[in-house]
Amino acid sequence: MKRGLTPFHLSILALGFGFLYVPIALVVFYSFNASRLVTVWGGFSTQWYVSLFANEALLQAASVSLRVAVAAGALSTVLGTCAAFALQRFGRFPARSLFAGLVYAPLVMPEVIIGLSLLLLFVGLGIDRGFWTIVAGHATLGLCFVAVVVQARLSGFDRSLEEAAQDLGASPARVFRSITLPLILPAMLAGFLLAFTLSLDDFVIASFTSGPGSTTLPMRIYSQVRLGLTPEINAVSTLLIGFVGCALLVASTVNRLKAPSQAR
Amino acid sequence: MSVRLRLSALRRWVLAVPALWLVIFFLAPFLWVLKIALSKPAVAQPPYEPVLLLADSWAVMIEKIAALSFDTFEIVMTDDLYFAAYLSSLRLAAIATWLTLLVAFPLAYAMTRAPKKWRAALVMLAIAPFWTSFLIRIYAWIMLLKDEGLINKALLSLGLIHAPLSMFATESAVLVGIVYSYLPFMILPLYNALERQDPALLEAASDLGATPFSAFWRITVPLARPGILAGLLLVFIPAVGEFVIPDLLGGSDTLMIGRSLWSEFFDNRDWPTASAVAILLLALLIVPLMVYERQQVREAKP
């Protein structure tokens, strides 16, 4: 029985990853197109990046998006880590399955439903929509992703370390600070970055929960995409891809470096 | 145990804060959607009536609640257009989900065959597109599929076709969009299920005379079933309610329920109808959602 890569497996990998990455690569490639027609190559140029930085509305939207993403990421991390602890460490408690269900449901719930229901809630409560309502929406989604990531780390966690520290007389706060926290910190950071990028990318929930003056970057991109292809969208997409790519690289490196022995 | 007791107050908060958050921002809003779905559209701000106010007296409140009606539901449920949209959402999501499985299975399988030291990187590479903006990935397909798009350009210049194929603004474009966008959701559970399998099982099968083909169907696939089910649910449930993909890649005749909800809400400003559509969409998804929840909760047992 041969284990390992045959040429057959290699070609599947090449085709599969080609399918995933070629479209993205083409967006990046054509952002350096001198032609105004996106799909007609007219020579190399960086002019669309220059015009991007003169586009006030787009810059404004990017700044809203970044601030929303930082706030939503931070909030998600705190809430999600708490949820992960409750799920992983608290054993059985009343309504545990309901709680777990609430944590996992937003991961698959169609975004139009989440967006619409949040908007109706805010209107019903008389809350003006804007920056913080988007943050609340994104944090709800991000919480779930953080909870999944942190819970995975907690479940592969060697609890004898905590017990040993406790036996040696460390207070629970001390145990948490010097054992538990350092061990789950990489997962929390990874969770933060995931919630951050999720918020940065979200279009549907933001459309429902944003108010005047809090248009996010995806909302701007969407309205431009509806009008047709423009090289400017390629340029802003390339910047976003680069940005998210760096964030992911940091997240995965941190997650791997700090936990060499996290194998299950 | 004494440590446990001292911590119990803290533990209560650790549980209560995320639980309350989810109840307020995820569970309670559904009840609100139901309430709006039972209201009537109105030319007002907000555009529905009755509007329940905390300041209302009991009598007024009861009167208002009595004014709630199932009219909107009736309209949505008897309207052929909505019915067609529901059916077409289910059909497109189902086809796209199977296609995703067809693409993802060989890929996940090949990934488990890669040398151990590559695998973490391959997994990362497989899920990374999920974190790149959804809109950008759909935009990439607009670039590829349009009449003057890159695929047509390439085929024309190779002389394979003489007139551009119309692929953009069709149901097939929507299917490609869904497969492409949701592929990472399918790869990950499949990979996890396949990687856990003991290669000795296949060796045993081949020692007992099974062909690789029958060993694959009788051992690999059945053992991967939980992963397949998880992947199918992770793709199907959100795909049914998808808005961005049918809106940007589909034609004006591509009906999907997420799109109907969106246009009722944003274009027609008919909040009660949008809410009724949302409730019926949720009703449509309740069975797959419950299967998904059961699986997740079971897997996450501490």
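Check the entry above for the structure.
Residues numbered from 1 in each chain as written. Chains lettered and ligands numbered in written order. Predicted model: local features only at pLDDT ≥ 70, side-chain atom pairs only at ≥ 80, totals over all residues. Heavy atoms only, no water.

Examining the overall build of chain B
Defined as follows: Counting from the N terminus, the helices are the DSSP runs of H or I reaching at least four residues and the strands are the DSSP runs of E reaching at least two. Two things to know: the radius of gyration comes from C-alpha atoms, and the globule rule equals 2.2 Å times the number of residues to the power 0.38. Between buried and exposed lies partly exposed: a residue is buried under 20% and exposed over 50% of the maximum accessible area for its type, with that area taken using a 1.4 Å probe on protein chains only.
Scanning chain B for helices and strands turns up 14 helices and 2 strands. A compact globule built from 302 residues would reach a C-alpha radius of gyration of about 19 Å, whereas chain B, at 25 Å, exceeds it by more than 25%. C-alpha atoms of chain B, sized along the principal axes, occupy 80 × 75 × 30 Å. Sorting the 302 residues of chain B into buried and exposed places 53% on the buried side.

Observations regarding the overall build of chain A
Where we set the bar: The accessible surface values rely on the Shrake-Rupley method and a 1.4 Å probe; as for residues, cover is taken only from the protein chains in view. In this tally Asp and Glu are treated as negative and Lys and Arg as positive; neither His nor the chain ends contributes. To locate a charge, the coordinates of NZ of Lys, CZ of Arg, CG of Asp or CD of Glu are taken.
Secondary structure summary: chain A contains 11 helices and 0 strands in total. Going from the N terminus to the C terminus, chain A shows its helices and strands as α-α-α-α-α-α-α-α-α-α-α. Projected onto its principal axes, the C-alpha positions of chain A cover 70 × 65 × 30 Å. With 264 residues in all, chain A has 56% of them scored as buried. Carbon and sulfur atoms make up 67% of the accessible area of chain A, which totals about 11400 Å². Positive and negative side-chain charges of chain A, numbering 17 and 10 respectively, have mean locations separated by a distance of 6 Å.

A word on the side chain of Asp247 of chain B
Convention followed: Residue contacts follow a heavy-atom distance rule, with two residues in contact if any of their heavy atoms lie within 4.5 Å.
With respect to the helices, strands and loops of the structure, Asp247 of chain B is situated in helix α12 (residues 244–249). Excluding residues within four positions of it along the chain, Asp247 of chain B makes contact with Tyr222 and Arg226 of chain A together with Arg259 of chain B.

Quick word on the interface of chain A and chain B
Interfaces are often described in size by the accessible area the parts lose on coming together. For clarity, the threshold we go by: Two parts placed together each lose some accessible area under a 1.4 Å probe, and adding up what both lose gives the buried area. The term salt bridge refers to a side-chain nitrogen of Lys or Arg lying within 4 Å of a carboxyl oxygen of Asp or Glu. Pairs of N or O atoms within 3.5 Å make up the polar contacts considered here, provided that, within protein, one atom can donate a hydrogen while the other can accept it, and that residues adjacent in sequence are counted only when both atoms are side-chain atoms. Under this grouping Gly is polar, as are all residues other than the nonpolar Ala, Val, Leu, Ile, Met, Phe, Trp, Tyr, Cys and Pro and the charged Asp, Glu, Lys and Arg.
With 90 residues of chain A at the contact, the number on the chain B side is 94 residues. Across the chain A/chain B interface, buried area totals approximately 8500 Å², and carbon plus sulfur atoms make up 80% of it. For the pair chain A and chain B, the interface holds 1 salt bridge. Here chain A and chain B share 10 residue pairs in polar contact (both at pLDDT 80 or more) between them. Broken down by class, the residue content of the side of chain A that touches chain B amounts to 65 nonpolar, 18 polar and 7 charged.

So, the packing of helix α6 (residues 134–145) of chain B against helix α8 (residues 171–195) of chain B
All names here are of chain B. The condition that has to hold: All axes are obtained by fitting lines to C-alpha atoms, using only the stretch in contact for helices, and the reported angles, taken between N-to-C directions, cover 0 to 180 degrees. Note on angle classes: values under 35 degrees are labelled roughly parallel, values over 145 roughly antiparallel, values of 65 to 115 roughly perpendicular, and the remainder oblique. A crossing counts as left-handed when the near helix is turned anticlockwise from the far one by less than a right angle, and as right-handed when that turn is clockwise.
In the contact formed by α6 and α8, the axes pass within 10 Å of each other and the chain directions differ by 140°. Taken together, the axis directions place α6 and α8 in an arrangement best described as oblique. Here the hand of the crossing between α6 and α8 comes out right-handed. Contacts between α6 and α8 involve Phe134, Arg137, Ile138, Trp141 and Leu145 from the former and Ala173, Val176, Gly177, Tyr180, Ser181 and Tyr182 from the latter. Residues of the contact of α6 with α8, tallied by class, amount to 8 nonpolar, 2 polar and 1 charged.

Topic: the side chain of Thr77 of chain A
All names here are of chain A. Within the fold, Thr77 resides in helix α3 (residues 56–89). Accessibility expressed as a relative area gives 9% for Thr77, which makes it buried. A polar side-chain atom of Thr77 sits 2.6 Å from the main-chain carbonyl oxygen of Gly73. Setting aside anything within four residues of it in sequence, one finds Thr77 in contact with Val146, Met188 and Phe192.

Observations concerning the pattern of salt bridges
Pairing between side chains of opposite charge can happen when the charged atoms of each approach one another. Residue and element names in this part refer to chain B. Per the stated rule, a full pass over the model turns up 6 salt bridges over all chains. Between Arg119 and Glu195 there is a salt bridge, with its nearest N and O atoms 2.9 Å apart. Here Glu195 lies in helix α8 and Arg119 lies in helix α5 (residues 116–131), a separation of 76 residues in the sequence. The exposure class of Glu195 is partly exposed, given its relative accessible area of 28%. Note that Asp247 and Arg259 form a salt bridge whose closest N and O atoms lie 3.5 Å from each other.

Some thoughts on α5 of chain B
Residue and element names in this part refer to chain B. To keep it simple, the criterion reads: Each helix should span, by expectation, one fewer than its residue count multiplied by 1.5 Å. Two axes enter the bend calculation: one fitted to the seven residues ending at the residue in question, the other to the seven starting there, and the bend is the angle between them.
Here α5 spans 24 Å end to end across 16 residues, near enough to the 22 Å set by a 1.5 Å rise per residue. Its axis deflected by about 25° at Leu125, α5 carries its strongest bend there, up to four residues before the proline Pro129. Considered for burial, the residues of α5 that qualify are Arg119, Leu122, Val123, Ala126, Ala128, Pro129, Phe130 and Trp131.

Let's talk about the nonpolar core
Heads up, the condition is: We define a nonpolar core as any set of buried Ala, Val, Leu, Ile, Met, Phe, Trp, Tyr and Cys residues linked to one another through side-chain atoms lying within 4.5 Å.
Counting residues in each nonpolar core, the largest one holds 186 residues, and the members touching the most others are Phe99 and Phe203 of chain A together with Met111 and Ile187 of chain B. Once residues within four sequence positions are removed from consideration, Ile187 of chain B is found in contact with Leu20 of chain A together with Ala104, Leu107, Ala108, Met111 and Ala126 of chain B.

Description of a nonpolar patch on the surface
All names here are of chain B. Stated formally: Two joining distances apply to patches: 9 Å for like charges and 5 Å for nonpolar side chains (Val, Leu, Ile, Met, Phe, Trp, Tyr), and every residue must have over 30% relative accessible area and no salt bridge.
A contiguous nonpolar patch, built from Leu229, Ile286, Val287, Met290 and Val291 and spanning about 430 Å² of accessible area, is present on the exposed surface. In terms of residue count, the dominant contributor to the nonpolar patch is helix α14 (residues 271–299) (4 residues). Residue placement: Val287 occurs in helix α14. A residue is classified by how much of its surface remains accessible, and Val287, at 56% relative accessible area, is exposed.

So, helix α4 (residues 96–108) of chain A
The buried fraction of α4 of chain A is high, at 11 of 13 residues. Those residues of α4 of chain A lying buried are Arg96, Phe99, Ala100, Gly101, Leu102, Val103, Tyr104, Ala105, Pro106, Leu107 and Val108 of chain A.

Description of the packing of helix α6 (residues 131–155) of chain A against helix α8 (residues 172–201) of chain A
For any two helices packed against each other, one specifies the inter-axial angle together with the distance between the axes. All names here are of chain A. Look at α6 against α8: their axes get within 8 Å of each other, and the N-to-C directions meet at 150°. The angle between the axes of α6 and α8 places the two elements in the roughly antiparallel class. Judged by the twist between their axes, the crossing of α6 over α8 is right-handed. Along its contact with α6, which presents His138, Leu141, Gly142, Phe145, Val146, Val149, Val150, Arg153 and Leu154, the element α8 presents Leu183, Ile184, Pro186, Ala187, Met188, Ala190, Gly191, Phe192, Leu194, Ala195, Leu198 and Ser199. Split into classes, the residues belonging to the contact of α6 with α8 amount to 16 nonpolar, 4 polar and 1 charged.

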